[in-house]
Amino acid sequence: MREQELIVYRDFGEGQLLYDMAFLMTNYNNECYNKEDMRGLFYKCIHGLIEIAGTYGFHGNLWHCYLANLLVNNENSYSCGCEIRGEIQGSINEVALHDIVIFKEFYDFDFAPVMETLGVSEYAMTESYTSSREESKVYNTRICSRICELAERFSCDGSAQEMKATLTEFYKEYGVGKFGLHKSFRVVHDEAGVHIVPILNIAHVHFDDLVGYDLQKKKLQDNTDAFVAGKKANNCLLFGDAGTGKSSCIKAVANEYYDKGLRIIEIYKHQFQDLNQVISQIKNRNYKFIIYMDDLSFEEFEIEYKYLKAVIEGGLEKKPENILIYATSNRRHLIRENYSDKEEIREDMHTGDTVQEKLSLVYRFGVTIYFGAPNKKEFQNIVKNLAAHNGIELPEETLLLEANKWELSHGGLSGRTAQQFVDYLLGQQ
């Protein structure tokens with residue numbers, strides 16, 4: 001086998017299994033190697049395939065799924081060039097085809113002689129493996145299915161050229177690597193530096209699930225539509241009363257615009273100093289990125305907002321066109337203000353400068369959307385819609401009476417209170 005001849009498809013995160021299997025394919029009947037050692041290596045490889053199936057939720061031919069997973073996760077000059085845009089031009093296509101020819105050899109390899117020579121019939125279990133939906137610790141069911149389907153499509157490809165075309169179409173439709181396979185991410189800073197890591201489970205919220213706030217949702221959708229279409233769009237601040245659906249709207253954005261190449265990266269206030277490194281990792285990718293800041297606000301003594309101001313607008317380097325910042329906050333002006341800020345006699349000689357400094361952050365958000373608490377009628381409408389959506393069958397009069405009792409002792413009128421009430425009812429069934 002020619003695994004050492006790979007050019008662009010190298011440096012696999014889980015590549016040791018590939019090299020062990022390649023060694024077996026080449027040397028399983030080589031008398032220079034101890035047969036028992038080769039048997040042991042074969043069992044080790046079977047173990048690896050089963051473990052990978054358990055980790056990723058793969059099913060069917062596990063060797064094929066493993067190879068497909070390597071190809072869709074390997075970020076290189078060819079795969080990153082094809083992501084979202086599709087086939088690219090240039091000599092890189094010849095280089096990529098050279099590597100796919102090698103992968104085709106791996107894909108089409110017949111393991112029957114290996115099983116017979118080494119007496120390891122158990123490998124056959126990995127060729128038609130059945131997994132449970134609960135097994136995947138990395139991918140959700142949707143992503144796992146896409147990779148398994150890609151592995152099956154490769155089986156139908158009669159040549160390396162067809163296999164390359166299939167893979168390129170996958171890159172165009174879904175992307176490559178972690179950004180291609182996941183909707184949302186968080187930032188982790190450890191000894192090795194700043195990393196963008198996937199959020200594996202995101203709530204499946206859609207705009208239609210959010211009752212009311214139609215004008216607010218439309219304003220947010222219009223801005224996001226322009227962004228993913230490559231048009232001019234603004235940073236966006238969603239502010240207002242607690243529990244009114246601001247964060248849920250961001251989750252809806254992540255779910256509804258994923259297929260259009262939009263990704264969400266969540267970052268916390270204490271990580272603002274990492275923003276420049278985060279941006280440097282995503283600015284040259286073909287995706288659109290929203291950097292999301294939840295519950296954004298600052299006390300007077302907190303200075304992290306200065307990092308944010310410089311990143312949004314004000315530094316020498318132009319903010320990349322594939323990045324916007326969306327934030328939610330209960331506070332309109334984000335930074336706590338005091339009456340003393342506007343008094344004429346105070347320690348600060350330039351009161352106007354102090355006020356402008358505290359307002360300068362919110363001015364960098366071109367779109368601001370207010371979410372106010374619902375009135376009694378709107379609250380009841382939310383309750384009725386949530387109850388119907390969850391299959392709760394109670395007389396409307398009883399439902400609303402109990403909802404009114406609930407909100408009086410659980411935080412008042414808000415969408416969150418309505419959802420908590422419906423969750424309570426579901427727990428009583």
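For the structure itself, look to the data block above.
Below is a short write-up of the structure. (Residues numbered from 1 in each chain as written. Predicted model: local features only at pLDDT ≥ 70, side-chain atom pairs only at ≥ 80, totals over all residues. Heavy atoms only, no water.)

Here we look at the pairing of strand 1 (residues 184-190)
Strand direction decides the pairing type here: strand 1 and strand 4 (residues 262-266), joined by three bridges, are parallel. Paired with Arg 186 across the two strands is Glu 266, which belongs to strand 4. Note that strand 1 and strand 2 (residues 193-198) share six bridges and pair antiparallel. Paired with Arg 186 across the bridge in strand 2 is Val 197. Between strand 1 and strand 2, which pair antiparallel in sequence order, lie two residues. (Pairing = 2+ DSSP bridges. Helix = DSSP H or I, 4+ residues; strand = E, 2+ residues; numbered from the N terminus.)

Details of the pairing of strand 5 (residues 288-293)
Summarising burial for strand 5: six of the six residues are buried, a large majority. The alternating pattern of strand 5 places Lys 288, Ile 290 and Tyr 292 and Phe 289, Ile 291 and Met 293 on opposite faces, both of which are buried. Of the pairings in the sheet, the one linking strand 4 to strand 5 comprises five bridges and is parallel in character. Opposite Ile 264, over in strand 5, you have Ile 290 as the bridge partner. Bridging between strand 5 and strand 6 (residues 323-329) involves five bridges; their strand directions are parallel. Of the residues in strand 6, the one forming a bridge with Ile 291 is Ile 325. (Buried < 20%, exposed > 50% of the residue type's maximum accessible area, 1.4 Å probe, protein only.)

As for the packing of helix 7 (residues 141-156) against helix 8 (residues 160-174)
The N-to-C vectors of helix 7 and helix 8 enclose an angle of 155°; their axes lie 9 Å apart at closest approach. Put simply, helix 7 runs roughly antiparallel to helix 8. Between helix 7 and helix 8 the crossing geometry is right-handed. On helix 8, the residues touching Arg 146, Leu 150, Arg 153, Phe 154 and Cys 156 of helix 7 are Glu 162, Met 163, Thr 166, Leu 167, Phe 170 and Tyr 174. Of the residues that constitute the contact of helix 7 with helix 8, the class distribution is seven nonpolar, one polar and three charged. (Axes fitted to C-alpha atoms, helices over the stretch in contact; angles between N-to-C directions. Parallel < 35°, antiparallel > 145°, perpendicular 65-115°, else oblique. Left-handed = near helix turned anticlockwise from the far one by under 90°. Contact = heavy atoms within 4.5 Å. Nonpolar A, V, L, I, M, F, W, Y, C, P; charged D, E, K, R; others polar.)

Observations regarding the side chain of Thr 126
Mapping Thr 126 onto the fold places it in the loop between helix 6 (112-118) and helix 7. A polar atom in the side chain of Thr 126 sits 2.7 Å from the backbone oxygen of Tyr 123. Residues within four places of Thr 126 in sequence aside, it is in contact with Ile 46, Leu 49, Ile 50, Gly 60, Asn 61 and Leu 62. (Polar contact = N/O pair within 3.5 Å; in protein donor to acceptor, adjacent residues only side chain to side chain.)

Section: the sheet that holds strand 2
Taken together, the seven strands give an open sheet; going across it, the order is 2-1-4-5-6-3-7, and neighbouring strands pair in mixed fashion. Strand pairing shows two members of the sheet lacking a second neighbour, strand 2 and strand 7 (367-371), which therefore form its edges. Taken pair by pair, the neighbouring strands of this sheet meet at an average axis angle of 25°, ignoring direction. The sheet contacts of helix 10 (residues 214-228) involve strand 3 (236-240), strand 4, strand 5, strand 6 and strand 7, and relative to strand 7 the element is tilted by about 155°.

Things to note about the side chain of Asp 99
The residue Asp 99 is located in helix 5 (residues 92-108) in this model. A polar contact of 2.9 Å, which involves the side chain of Asp 99, links it to the backbone nitrogen of Ile 7. Setting aside its immediate chain neighbours within four residues, Asp 99 contacts Glu 5, Leu 6, Ile 7, Val 8 and Tyr 9.

Observations concerning helix 5
Helix length check: helix 5, at 17 residues, gives a terminal C-alpha distance of 24 Å against a target of 24 Å (1.5 Å per residue), a fit within 8%. On the buried face of helix 5, the contacting elements are helix 1 (16-27), helix 3 (62-73), helix 4 (77-82), helix 7 and helix 8. (Expected span 1.5 Å × (residues − 1).)

What about the pattern of salt bridges?
Evaluation of the coordinates by the stated rule reveals 12 salt bridges. The salt bridge partner of Asp 108 is Lys 104, with a shortest N-O separation of 3.6 Å. With Asp 108 and Lys 104 both in helix 5 and four residues apart, this pair spans about one turn of that helix. (Salt bridge = Lys/Arg side-chain N within 4 Å of Asp/Glu carboxyl O.)

Looking at the packing of aromatic side chains
Taken as a whole and assessed by the stated rule, the structure comprises 21 aromatic pairs. Look at Phe 23 and Tyr 33: their rings are 5.1 Å apart centre to centre, the planes differ by 80°, and that puts the pair in the edge-to-face class. Here the residue Phe 23 occupies a position in helix 1, and Tyr 33 occupies one in the loop between helix 1 and helix 2 (35-56), the gap between them amounting to 10 residues. Between Phe 170 and Tyr 174 the ring centres are 4.9 Å apart and the planes differ by 55°, which places this aromatic pair in the tilted class. Here Phe 170 and its partner Tyr 174 are both found in helix 8, four residues apart, which amounts to about one turn of the helix. Judged on exposure class, the residue Phe 170 and its partner Tyr 174 are both buried. (Phe/Tyr/Trp six-rings, centres within 6.5 Å; stacked < 30°, edge-to-face > 60°.)

So, helix 2
A rise of 1.5 Å per residue sets the reference length of helix 2, with its 22 residues, at 32 Å; its end C-alpha atoms lie 31 Å apart and thus fit the reference within 8%. Looking only at helix 2, the buried set comprises Met 38, Leu 41, Phe 42, Cys 45, Ile 46, Gly 48, Leu 49, Ile 52, Ala 53, Gly 54 and Tyr 56. On the buried face of helix 2, the contacting elements are helix 1, helix 3, helix 6 and helix 7. A side-chain oxygen of the first residue of helix 2 lies 2.8 Å from the backbone nitrogen of Glu 36; this N-cap is Asn 34. Residue Gly 57 follows helix 2 closely and has a positive phi angle near 80°.

Here we look at the packing of helix 15 (residues 376-389) against helix 17 (residues 415-428)
Two elements in contact, helix 15 and helix 17, have axes separated by 9 Å at closest approach and are oriented at 40°. Taken together, helix 15 and helix 17 sit at an angle that is classed as oblique. Crossing of helix 15 over helix 17 shows right-handed handedness. In contact with Phe 379, Ile 382, Val 383, Leu 386 and Ala 387 of helix 15, helix 17 contributes Gly 415, Thr 417, Ala 418, Gln 419, Phe 421 and Val 422. Tallied by class, the residues present in the contact of helix 15 with helix 17 amount to eight nonpolar, three polar and no charged.

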